[in-house]
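Here are the chains, one letter per residue:
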Amino acid sequence: MLKKYLPKLKLTNCMMIAVGNVILAFGLYQIHARTHVTEGGVLGMTLLLKQWFDISPAYSGFVMDLICYAIGLKTLGKDFLGYSVVASFIFSLTYRICEFFPPLWPELYQAPAAAALLGALFVGVGVGISVRAGGATGGDDALAMSLAKITKKEIQWMYLITDLAVLALSLTYIPLNRIVWSLVTVVLSGQIIGRFQKMGRQQNTEVSGTAESKRE
């Protein structure tokens, strides 16, 4: 009876999600949190809460993720929720471990353009790997995936809508010139994530086509 309510998780997907979240947490700690070139969505909110109330993203991110996962559960299903819980746990654990180490590239604070590009790469690749494996690395990913599925729009535009709201709030502690670079990060990372999602859809289509051919 209980078995039908449990998600069916694949080990390979869990491993992909783990890799993606290690990349994401490392980039968020070493680049975004250190350079004030922030992210949008839940990632940006975790950094905002760190500045406002000194709450570690390792804790605030996990709580906000669970709330957003509950919102996305009906749209995306129990397997998605299972993968996303794995993602949140790996992210929080990795970020907490990173907090015990000093910054690797303190000079990036003086180079916001480089920080924006590197930050977009870490976030885009980390989240993209997780999204392609069927899970979300954070609540904003769950929200964006749900909105994309409901509206039939590309996921990168759903990210942009939620990200802009968080970037506006981030003006309370980040200068306008760095918010501009943050916008660059948000747009680039969203495009990278969208590319990973398209690759996943194309791969699934090819696999389905191959299976149909074999049945014929």
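Predicted, not measured: the structure shown is a model, and the values here were computed from it.

Looking at the layout of surface pockets
So, point 1. Estimated volume of the second largest pocket: approximately 180 Å³.
So, point 2. In this structure, the second largest pocket is lined by 13 residues; those nearest its centre are Ala 33, Leu 47, Lys 50, Gln 51 and Tyr 95.
So, point 3. Of all the elements in the fold, those that place two or more residues in the lining of the second largest pocket are α1 (11–35) and α2 (41–53).
So, point 4. It is α1 that provides the largest number of residues to the lining of the second largest pocket, a total of 4 residues.
So, point 5. Looking at the lining of the second largest pocket, its residues break down into 6 nonpolar, 4 polar and 3 charged.

Describing α2
So, point 1. Look at α2: 18 Å from first C-alpha to last across 13 residues, which is about the 18 Å you get at 1.5 Å a residue.
So, point 2. Three or more residues of α2 are buried, namely Gly 41, Val 42, Leu 43, Gly 44, Thr 46, Leu 47, Leu 48 and Leu 49.
So, point 3. Of the residues trailing α2, Asp 54 is marked for its positive phi of about 60°.

Points about the environment of Gly 44
So, point 1. Looking at where Gly 44 falls in the secondary structure, it is placed in helix α2.
So, point 2. In this structure the C-alpha to C-alpha distance between Gly 44 and Pro 57, which are 13 residues apart in sequence, comes to 9.6 Å.

As for the side chain of Asn 21
So, point 1. Here Asn 21 lies in helix α1.
So, point 2. For Asn 21, the side chain forms a polar contact with the main-chain oxygen of Ile 17, separated by 2.8 Å.

Topic: the nonpolar core
Soluble globular proteins tend to bury their nonpolar side chains together.
So, point 1. Within the largest apolar cluster, 27 residues are counted, with the highest numbers of intra-cluster contacts made by Phe 91, Tyr 95, Val 127 and Tyr 159.
So, point 2. If you list the elements that add at least two residues to this core, you get α1, α2, α3 (57–76), α4 (78–98), α5 (112–132), α6 (139–151), α7 (155–170) and α8 (176–215).
So, point 3. Of all hydrophobic cores here, the second largest spans 6 residues; its members include Ile 31, Ala 115, Ala 116 and Phe 122.

Some details on the pattern of salt bridges
So, point 1. Under the counting rule described, the total for this entry stands at 2 salt bridges.
So, point 2. Ionic pairing is found between Lys 50 and Asp 54, a salt bridge with its closest N-O pair at 3.0 Å.

Details of the packing of α2 against α7
So, point 1. Running from amino to carboxyl end, α2 crosses α7 at an angle of 15°, the nearest separation of the two axes being 9 Å. Comparing the axis directions of α2 and α7 gives the class roughly parallel. Both α2 and α7 take part in a crossing whose hand is left-handed. In this structure, α2 contributes Gly 41, Gly 44, Met 45, Leu 48 and Trp 52 to the contact, and α7 contributes Thr 162, Asp 163, Val 166, Leu 169 and Ser 170.
So, point 2. Taken together, the residues of the contact of α2 with α7 sort by class into 5 nonpolar, 4 polar and 1 charged.

Re α1
So, point 1. Taking 1.5 Å per residue as the helical rise, α1 with its 25 residues ought to reach 36 Å, and the 35 Å between its terminal C-alpha atoms agrees with that figure.
So, point 2. The largest bend along α1 reaches roughly 35° and is located at Leu 28.
So, point 3. Trailing α1 by a residue or two, His 36 shows a phi angle of about 60°, which is positive.

Quick word on the confidence of the model for the protein
So, point 1. For the protein, per-residue confidence averages 78 on the pLDDT scale, and residues scoring 70 or more make up 85% of the total.
So, point 2. Taken as a whole, residues 205–215 scores under 50 in pLDDT and shows 0 contacts with residues more than four places along the chain or in a different chain.

Quick look at unusual backbone geometry
So, point 1. Phi is positive for Asp 54, which is not a glycine, with a value near 60°.
So, point 2. You can see Asp 54 is positioned in the loop between α2 and α3.
So, point 3. The class for Asp 54 is exposed, based on a relative accessible area of 57%.

With respect to a nonpolar patch on the surface
So, point 1. Together, Phe 62, Leu 66, Val 85, Phe 89, Leu 93, Ile 97, Phe 100 and Phe 101 line one region of the surface with nonpolar side chains, adding up to about 770 Å² of accessible area.
So, point 2. Counting residues per element, the ones that place at least two in the nonpolar patch are α3 and α4.
So, point 3. Examining the composition of the nonpolar patch, we find that 4 residues originate from one element, α4, more than from any other.
So, point 4. Relative to the helices and strands, Phe 62 resides in helix α3.

Quick notes on the rules
- Throughout this document, residue positions are counted from 1 along each chain, in the order its sequence is written.
- Only residues with pLDDT of at least 70 get local features here, since the model is predicted, and only at 80 or more are side-chain atom pairs given and counted; chain-wide, interface and lining totals rely on the full set of residues.
- Neither water nor hydrogens contribute to the side-chain values; these are computed over all heavy atoms in the structure.
- Whether a set of points on the 1 Å grid over the protein atoms alone is a cavity depends on a 1.4 Å probe fitting there but being unable to get out, while an open set qualifies as a pocket with protein on both sides within 12 Å along at least five of seven lines; lining residues are those with an atom within 4 Å of a point.
- Grid points are joined across faces, edges and corners, and a volume is the space filled by probe spheres set on the points.
- In this description a helix means any DSSP run of H or I spanning at least four residues, a strand means any run of E spanning at least two, and both kinds are numbered starting from the N terminus.
- Polarity classes work like this: nonpolar for Ala, Val, Leu, Ile, Met, Phe, Trp, Tyr, Cys and Pro, charged for Asp, Glu, Lys and Arg, and polar for all others, with Gly in that last group.
- By this rule, a helix spans an expected 1.5 Å times one less than how many residues it contains.
- A 1.4 Å probe rolled over the protein chains alone gives each residue an accessible area, and that area as a share of the maximum for its type sets the label: buried under 20%, exposed over 50%, partly exposed in between.
- Side-chain atoms alone can form a polar contact between residues adjacent in sequence; in general such a contact is a pair of N or O atoms within 3.5 Å, and within protein one must be able to donate a hydrogen while the other accepts it.
- Residues belong to a common nonpolar core when they are buried Ala, Val, Leu, Ile, Met, Phe, Trp, Tyr or Cys residues joined through side-chain atoms within 4.5 Å.
- A side-chain nitrogen of Lys or Arg and a carboxyl oxygen of Asp or Glu constitute a salt bridge if their distance falls within 4 Å.
- As a rule, the C-alpha atoms of each element are fitted with a line to give its axis, helices using only the stretch in contact, and angles between N-to-C directions run from 0 to 180 degrees.
- Every angle not falling under 35 degrees, over 145, or within 65 to 115 is termed oblique; those three ranges are roughly parallel, roughly antiparallel and roughly perpendicular.
- Here a crossing is taken to be left-handed if its near helix is turned anticlockwise relative to the far helix by less than a right angle, and right-handed if that turn runs clockwise.
- Should any heavy atoms of two residues lie within 4.5 Å, those residues are counted as being in contact.
- Bend, at a single residue, is the angle you get between axes fitted to the 7 residues ending at that residue and the 7 residues starting at it.
- As a per-residue quantity, pLDDT reports the predictor's confidence and falls between 0 and 100.
- Residues forming no salt bridge and having over 30% relative accessible area are the ones grouped into patches, like charges within 9 Å of each other and nonpolar side chains (Val, Leu, Ile, Met, Phe, Trp, Tyr) within 5 Å.
- Only the protein chains shown count as cover for residues, and the accessible areas themselves come from Shrake-Rupley with a 1.4 Å probe.

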